[in-house]
Amino acid sequence: RGRFEASRRKQTRDGLGVWRSGRRGARLHGCESAGEVRDSRLRRRRDDRGAGWRSSANRSSQTDREGFMKLAKYIGVSAAPQNERGERIAMTTPVLTDKATMKFVLPAGIEPPAPTNPEVKVVQRPAEQAVVLTYYGGWNDDLAAQKKDELLAQVAADKVDVDAARWEWRRHNPPWTLPFLKKNEIYVPLLASQ
């Protein structure tokens, strides 16, 4: 428990870390701290690129599995990479989900190859500021929605203008992590005028 707490504090402090799965690891895509709003943090996210997949239906555990596997195949997890160069790409965390999409943030400093699966797209994501609520627990849609509602109520009470329609659920750990150790975040961008 002591090592976990120290590791968790390090990730909170500098926004960087690595989780390990056997010989391979995933790099945590960090955001720099930009302050606090009561029980949540303001973060500034750098420009980045993501590989994304959009479901034709609203998110569910079934669409999450489908989207995750398509994105994992693009970067070459458990199969030959499904991209034009056949190049393996490092897995990063968190995995980003919203109402109908799932995204992997691609490592900084690479020129991502084009996906060979037409359902997978590489997208540029501009830098932005957001308010983020971190919590630990299993991957549960109802709990994520409850935490999103808590965060939106908190920022409304604090008169912080956010783009609530663009909220994301960010999951940081591999699926085999014990549920009570899984780090989750609700991420809501600030409106551009902030």
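Residues numbered from 1 in each chain as written. Predicted model: local features only at pLDDT ≥ 70, side-chain atom pairs only at ≥ 80, totals over all residues. Heavy atoms only, no water.

**Let's talk about the overall build of the protein chain**
Put simply, the test is: Runs of H or I in DSSP of at least four residues are treated as helices and runs of E of at least two as strands, each being numbered from the N terminus. Each residue is assigned to one of three classes by its accessible area relative to the maximum for its type, calculated with a 1.4 Å probe on protein chains only: buried under 20%, partly exposed between the two thresholds, exposed over 50%. Any pair of residues with heavy atoms lying within 4.5 Å of one another is described as a contacting pair. Here, Shrake-Rupley sampling with a 1.4 Å probe gives the accessible areas, and only protein chains in the shown set may cover a residue.
Looking only at helices and strands, one finds three helices and twelve strands in the protein chain. Per-residue burial over the protein chain gives 44% buried out of 194 residues. Looking at the protein chain alone, contacts between residues at least 24 apart form 67% of all its contacts between residues at least 6 apart. If you sum the accessible surface of the protein chain, you get close to 10,700 Å²; carbon and sulfur atoms cover 51% of it.

**Quick notes on the confidence of the model for the protein chain**
Put simply, the rule reads: A score between 0 and 100, pLDDT records how confident the predictor is in each residue.
Overall, the predicted model of the protein chain reaches an average pLDDT of 77, with 71% of residues at or above 70. Predicted confidence for residues 1-30 stays below pLDDT 50, and this span has 50 contacts to residues more than four positions away or in other chains.

**Looking at the environment of Gln 124**
Its place among the elements puts Gln 124 in strand 9 (residues 120-125). Taking relative accessible area as the criterion, Gln 124 reaches 49% and is therefore assigned partly exposed. Spatially, the C-alpha atom of Gln 124 lies 9.9 Å from that of Val 105, the residues being 19 residues apart in sequence.

**Considering the pattern of salt bridges**
Let me state the cut-off plainly: A carboxyl oxygen of Asp or Glu within 4 Å of a side-chain nitrogen of Lys or Arg is what we treat as a salt bridge.
Taken as a whole, this structure holds ten salt bridges when the rule is applied. Here Glu 119 ties to Lys 70 by a salt bridge, and the two come within 2.6 Å at their closest N and O atoms. Here Glu 119, found in the loop between strand 8 (101-105) and strand 9, pairs with Lys 70, found in helix 2 (residues 61-75); they are 49 residues apart in sequence, far enough to count as distant. Of the charged contacts in the structure, one is a salt bridge between Lys 147 and Glu 150, with a shortest N-O distance of 3.7 Å.

**Here we look at the nonpolar core**
Rules: We call a set of buried Ala, Val, Leu, Ile, Met, Phe, Trp, Tyr and Cys residues a nonpolar core when their side-chain atoms join them within 4.5 Å.
Core analysis: the biggest nonpolar cluster contains 13 residues, and Val 131, Leu 151, Val 155, Val 162, Ile 186 and Val 188 have the highest contact counts within it. Contributing elements (two or more residues each) for this core: strand 10 (128-136), helix 3 (141-157) and strand 12 (183-189). Looking at this core, the element that brings in the most residues is helix 3, giving four residues. Excluding residues that lie within four positions of it along the chain, Val 188 makes contacts with Ala 130, Val 131, Leu 151, Leu 152, Val 162, Asp 163, Ala 164 and Trp 167.

**A short note on the pairing of strand 8**
To keep things clear, this is the line we draw: Any two strands between which DSSP finds at least two bridges are classified as paired.
Of all five residues making up strand 8, five are buried, and the element is well covered by its neighbours. Residue alternation in strand 8 divides its side chains into two sets, Thr 101, Lys 103 and Val 105 and Met 102 and Phe 104, and both sets are buried. When strand 7 (residues 95-97) meets strand 8, the two strands line up antiparallel, connected through three bridges. The residue of strand 8 that forms the bridge with Leu 96 is Lys 103. Following strand 7, the chain reverses through three residues before pairing antiparallel with strand 8.

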